[in-house]
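# Remarks on the overall topology
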Amino acid sequence: FLDFPELSGKWIELLREMVPRLVRITVAWDPATPPNLLRGAEAAARTVGVQLSPVEAPAPDGLAAAFQSATSARSGAMLGGLIAYGPDVPAMFGQAGNAMVKVLSGTSPAEIPIERPARFELIVNRKTVTSLGLTLPPSLIARADRVIE
């Protein structure tokens, strides 16, 4: 349900803000899922001049191997874990509810436009960042919708 390849660019942008000298990013992806996010990450990485190392990580067993691969490749970051940016899922359920009201009021489903998420949220895991000896830029904390302490 997250068919938003443009999110990959935002994720890479946020990682670059956290680690300005970032050269290589590992991205773990499940080959059973559509490759849209991976393709978006590859395009975003080319745009900002970082190398992207995709690692197949069939969920959930492949994550340990993906972390090992990131370490071996000397990646400066891995997509996910410390920060999350994506659609506000509860708000998406609200949008779906609004569409259901229209259908129940007699509107044909074919007449209801597909809506992209209206709200996105940034979640920062400061607890994990601190435990890894990293620091978060104050600008990132200020923009966060939620900070996990």
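To keep things clear, this report deals only with the structure shown in the data block. (Residues numbered from 1 in each chain as written. Predicted model: local features only at pLDDT ≥ 70, side-chain atom pairs only at ≥ 80, totals over all residues. Heavy atoms only, no water.)

It is worth spelling out the sheet that holds strand β5 (residues 120-125) at this point. Taken together, the three strands give an open sheet; going across it, the order is β4-β5-β6, and neighbouring strands pair in mixed fashion. Lying at the two open borders of the sheet, with one neighbouring strand each, are β4 (83-87) and β6 (146-148). Neighbouring strand axes in the sheet, compared pairwise and without regard to direction, differ in orientation by 20° on average. Both β4 and β5 contribute to a ladder of five bridges, which runs antiparallel. Within β5, the residue paired with I83 across the bridge is V124. The sheet strands contacting helix α1 (residues 6-18) are β4 and β5, and the helix crosses β4 at an angle near 155°. (Pairing = 2+ DSSP bridges. Helix = DSSP H or I, 4+ residues; strand = E, 2+ residues; numbered from the N terminus. Axes fitted to C-alpha atoms, helices over the stretch in contact; angles between N-to-C directions. Contact = heavy atoms within 4.5 Å.)

In terms of nonpolar packing, the biggest core is built from 14 residues, with I12, L15, I25, L52 and L79 touching the most fellow members. Counting residues per element, this core draws most heavily on helix α2 (residues 36-48), at four residues. Ignoring any residue separated from it by four or fewer positions in sequence, one finds I25 in contact with I12, L15, V50, Q51, L52, S53, S75, A77, M78 and L79. Among the nonpolar cores identified, the runner-up in size contains 10 residues, and L82, I83, L140 and A144 belong to it. (Core = buried A, V, L, I, M, F, W, Y, C linked by side-chain atoms within 4.5 Å. Buried < 20%, exposed > 50% of the residue type's maximum accessible area, 1.4 Å probe, protein only.)

Under the counting rule described, the total for this entry stands at six salt bridges. For R119, the salt bridge is made with D145, and the minimal N-O distance between the two is 3.6 Å. On the criterion of sequence distance, the pair formed by R119 in the loop between α4 (89-104) and β5 and D145 in the loop between α6 (138-143) and β6 is long-range, its members being 26 residues apart. R119 gets classed as partly exposed once you look at its relative accessible area, which sits at 37%. The network of salt bridges with common partners includes D88, R119 and D145. (Salt bridge = Lys/Arg side-chain N within 4 Å of Asp/Glu carboxyl O.)

Quick look at a nonpolar patch on the surface now. A cluster of nonpolar residues, M100, V103 and L104, forms a patch on the protein surface that exposes about 300 Å² of accessible area. Here L104 is to be found in helix α4. (Patch = residues over 30% accessible without salt bridge, like charges linked within 9 Å, V, L, I, M, F, W, Y side chains within 5 Å. Areas by Shrake-Rupley, 256 points an atom, 1.4 Å probe, with all protein chains shown as cover.)

Strand order in the open sheet formed by three strands is β2-β1-β3, with parallel pairing between adjacent strands. This sheet does not close on itself; its edge strands, each paired only once, are β2 (51-56) and β3 (77-78). Sheet topology places strand β1 (residues 24-29) next to β3; two bridges connect them, and they run parallel. The residue bridging I25 from the neighbouring strand is A77, located in β3. The sheet strands contacting α2 are β1 and β2, and the helix crosses β2 at an angle near 160°. Helix α3 (residues 63-72) rests against β1, β2 and β3 of the sheet, and its axis sits at about 165° to β1.

Let us look at α2. Count 3.6 residues to each turn of an α-helix, and residues three or four apart come out pointing the same way. Its 13 residues give α2 an end-to-end C-alpha distance of 19 Å, which sits within 8% of 18 Å, the value for a rise of 1.5 Å per residue. Of all the positions in α2, only L38, G40, A41, A44 and A45 are classed as buried. Mapping the buried residues of α2 onto a view down its axis gives an arc of 160°, with all of them on the same face. When the buried face of α2 is taken as reference, the exposed residues oriented beyond 90 degrees from it are R39, R46 and T47. On its buried side, α2 packs onto α1, β1 and β2. (Expected span 1.5 Å × (residues − 1). Arc of directions from axis to C-beta.)

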